Amino acid sequence: MSRVVFVRYAALVLVTAPVAMFPAARAQSMPEKGSAISSTGALPSAQENATSAQRTSWLEPRVSVQHTITSNARRDASNLSDQITDISPGLLWIGNTARIKGFADYSLHGFHYVNTTGASHLEHHLNARVAVEAIEQRLFVDVTGVVTMQPISVFGAPVDGSPGNPNAAQTSSFGLSPYLRGRIGSVAEYEARYSVQDNRTDTSRRSDVRTQEGRFRVDNRQSGQWLGWGVEASQEQVDFSLGRSIDTATLRARLKAVVTPQWMLMGVVGVESTNQLALERESSRIAGLGVLWRPSERTRVSVEQESRYFGKAHNVLLEHRTARTVWRYSDTKGVSQGQGAQSASLGGLFDLLYGFYAQVEPDPILRTQRVQTEINRLGLSPDLLVPQDFLRSASTLQRMQQLSLALLGRRSVVTLAVMQSDNRRLGLVALSAGDDFDTNTRIRQRGWSLSLAHRLTPQTAVQASLIEQRSVGTAPGQETRVRSLAVGTSMQLAPRTSLGLQLRRSVSDGHASSSRAYNESALVATLTHRF
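What counts and what doesn't
Residues numbered from 1 in each chain as written. Predicted model: local features only at pLDDT ≥ 70, side-chain atom pairs only at ≥ 80, totals over all residues. Heavy atoms only, no water. pLDDT = per-residue confidence, 0-100. Contact = heavy atoms within 4.5 Å. Helix = DSSP H or I, 4+ residues; strand = E, 2+ residues; numbered from the N terminus. Buried < 20%, exposed > 50% of the residue type's maximum accessible area, 1.4 Å probe, protein only. Pairing = 2+ DSSP bridges. Core = buried A, V, L, I, M, F, W, Y, C linked by side-chain atoms within 4.5 Å. Polar contact = N/O pair within 3.5 Å; in protein donor to acceptor, adjacent residues only side chain to side chain. Salt bridge = Lys/Arg side-chain N within 4 Å of Asp/Glu carboxyl O. Axes fitted to C-alpha atoms, helices over the stretch in contact; angles between N-to-C directions. Parallel < 35°, antiparallel > 145°, perpendicular 65-115°, else oblique. Left-handed = near helix turned anticlockwise from the far one by under 90°. Nonpolar A, V, L, I, M, F, W, Y, C, P; charged D, E, K, R; others polar. Phe/Tyr/Trp six-rings, centres within 6.5 Å; stacked < 30°, edge-to-face > 60°.

Undergrad: Got a minute to help me understand the confidence of the model for the chain in this structure?
TA: When pLDDT is low, close inspection of the predicted coordinates is not appropriate. Within the chain, residue pLDDT values average 82, and 84% of them lie at 70 or more. Taken together, the stretch residues 9-53 has pLDDT below 50 and engages in 76 contacts with residues farther than four places along the chain or on a different chain.

Right, here's the structure in full:
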């Protein structure tokens, strides 16, 4: 059995094992009449919270049928109309036991075309992240799995669920990371970790990527002390199926100072060696500073910056929430390895609301149920705030800036997301990898989305969204802009059955080639039942 097949098999087994281990999960934690979550999503009472505090898992099967009537099924200049039916069974599991914590959300989509603008086919969608404590306080295993659709080219049509989009490729990313933790006397703690991640795509025009990393870290036991230190060594190997193998070794030493309970300062020095910029390894120094400020439970600000072999790298995060708002801003700059932008999540909007409801529902199972109930009742997509990343066949230097804001009223939710990215090929410029960077040395993206959902009655809601995304390359004519407007309504037909109707209009004024300019109008109906 090859190493890659073993990794994918092991990851799949560990992701799905928690579901098999909790056969009574649905009976134990599904919200029924009189349980902790009512059909209207009301907050549970103190007595109900006490009863449900022992719940450790939640299992929810579902099935959806979606029918789309579109004027442009392929999202190109052909303007071929069609009707597409999508039948999608799915399963959501949330676990919060002493030894296993995480989630797994899987759905299988079967598409059928009335006018045969595309071939009937199946698509898998998975988002899973599971942490297992195999041996108490000693051996741990982290497992991640993501299967989704991503744009092949940044200048093609965006991926928004249209199955006939020729610019969409199914990609998968499975990761397995076992690690040991222990103590060195009463002075320090150590962690030894091995990680392997297998990224694949079903298009031959982009690389598959396999990443392996060994990491060993020692930190002093800082309990009750204002000054702490740590040393970390790592070795990483990244293999591109259509390109080179990149080896990077790093050694860092960190010094942390807790100035006040709200302020922490950090300094970093180290060395690294890599063949990223040349055929042979080159060594360079690492130096950096960081600060963490937590003035309250609702506000967190962290800033880190390092000098690396490629220049300056940084990671900035600001999070703040009030009684009715959630704010999040992130700014990162560093090396992106092909499909490395994928991360396991139940959706950008879900993550934003999950953090907001932490102030009223500490139990993770009940909080997940409440967020899911609110999103479904308003007819929103949990991925509404996630910016689209495109496939690459080599390492890039990427700066990504994202601002997310949610305003929550008694019956309304307003969300705003703004993103900006700057990507440059990192490494040997003469290398041809078959992606967008063969003709562009730099690609910039800007986009924003604004959405509004309002609940008219306890069973009916209306939605509207406006999205714009622009991509610009350095080659002449490499520029596209896509704008999309959608309005819709959703209604609860029964306590666990919902119906959604949406009208969508999309326009692309692509300049990269005449085939990339298109417009589309579509009517989408979705019927969903949760068991």
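Undergrad: Any chance you could explain unusual backbone geometry here in plain terms?
TA: Trans peptide bonds make up the majority, and among non-glycine residues the majority have a negative phi. With phi around 55°, Arg75 is a residue other than glycine that occupies positive phi space. Position of Arg75 among the secondary structure elements: in the loop between β1 (57-70) and β2 (82-96). Phi at Gln137 is positive, roughly 60°, even though this residue is not glycine. Note on Gln137: relative accessible area 62%, which makes it exposed.

Undergrad: Please clarify how the pairing of strand β7 (residues 188-201) should be interpreted in this entry.
TA: The side chains of a regular strand alternate, residue by residue, between the two faces of the sheet. Two strands pair when backbone bridges link them, and strand β6 (residues 168-184) and β7 are joined in this way by twelve bridges, in the antiparallel orientation. Across the sheet, residue Ile184 finds its bridge partner in β7, namely Ala188. Count of turn residues in the β6/β7 antiparallel hairpin: three residues, of which Gly185 carries a positive phi of about 60°. When β7 meets strand β8 (residues 209-220), the two strands line up antiparallel, connected through twelve bridges.

Undergrad: Would you mind going over helix α4 (residues 348-356) with me for this structure?
TA: Think of an α-helix as 3.6 residues a turn; residues three or four steps apart then line up on the same face. Listing the buried residues of α4 in full gives Gly348, Leu349, Phe350, Leu352, Leu353 and Phe356. Those residues of α4 hidden inside the fold are in contact with β14 (311-321), β15 (325-337), α5 (364-378), β16 (395-408) and β17 (412-425).

Undergrad: Quick question: what am I supposed to make of the nonpolar core here?
TA: Most often, soluble globular proteins have nonpolar side chains that are buried together. Counting 22 residues, the largest nonpolar core has Ile94, Leu353, Leu380 and Leu408 as its most contacted members. Elements with a contribution of two residues or more to this core: β2, α4, α5 and β16. Those residues in contact with Ile94 that sit more than four places away from it in its chain are Thr56, Ser57, Trp58, Gly102, Phe103, Leu346, Ile365 and Thr368. Judged by nonpolar contacts, the second largest core, of 14 residues, contains Ile100, Leu126, Ala128 and Leu176.

Undergrad: How should the pairing of β17 be read in this particular structure?
TA: The pairing of β16 with β17 spans 13 bridges and is antiparallel. Residue Leu407 lies in a different strand from β17, and its bridge partner there is Val414. Bridge analysis of β17 against strand β18 (residues 442-457) gives 13 bridges, and the strand direction is antiparallel. For Met419, the partnering residue across the bridge sits in β18 and is Gly447.

Undergrad: When you look at the side chain of Arg252 in this model, what are you seeing that I'm missing?
TA: Inspection of the secondary structure puts Arg252 in strand β10 (residues 245-258). Its relative accessible area of 11% is what places Arg252 among the buried residues. Within polar-contact distance, the side chain of Arg252 engages the side chain of Glu306 at 3.1 Å. Among all residues touching Arg252, those that are not within four sequence positions of it are Gly230, Val231, Glu232, Val268, Val269, Gly270, Ile286, Glu306 and Arg308.

Undergrad: Mind showing me how you'd approach the pattern of salt bridges here?
TA: Where charged atoms from two side chains of opposite charge come close, those side chains can pair. In the structure shown here, the tally under the stated rule is 26 salt bridges. In this structure, Arg99 and Glu136 form a salt bridge, with 3.9 Å as the shortest nitrogen-oxygen distance. Taken together, the residues Arg99 in the loop between β2 and β3 (100-113) and Glu136 in the loop between β4 (121-135) and β5 (139-151) connect sequence positions 37 residues apart. Residue class for Arg99 comes out partly exposed when judged on its relative accessible area of 37%. Look at Glu136 and you get exposed, because its relative accessible area is 53%. Look at the salt bridges and you will find they share partners, linking Asp142, Arg181, Glu191, Arg193, Arg217 and Asp219 into a network.

Undergrad: For this particular structure, what's the right way to read the packing of α4 against α5?
TA: Between two packed helices, the angle of one axis relative to the other and the distance separating the axes together describe the packing. Direction vectors running N to C along α4 and α5 enclose 125°, while the axes themselves pass 10 Å from each other. Taken as axis vectors, α4 and α5 run oblique relative to one another. Relative to α5, the crossing made by α4 is right-handed. Contact residues: Phe350, Leu353 and Tyr354 in α4; Pro364, Arg367, Thr368, Val371, Gln372 and Ile375 in α5. Residues belonging to the contact of α4 with α5 are distributed by class as follows: six nonpolar, two polar and one charged.

Undergrad: Any chance you could explain the packing of aromatic side chains here in plain terms?
TA: Between two aromatic rings, the relevant description is the distance of the centres plus the angle of the planes. Within this structure, the stated rule accounts for six aromatic pairs. Aromatic pair Phe140 and Tyr179: ring centres 5.2 Å apart, planes at 15°, arrangement stacked. Here Tyr179 lies in strand β6 and Phe140 lies in strand β5, a separation of 39 residues in the sequence. Owing to a relative accessible area of 8%, Tyr179 belongs among the buried residues under this scheme. Judged by centre distance (5.1 Å) and plane angle (85°), the rings of Tyr309 and Phe310 are edge-to-face.

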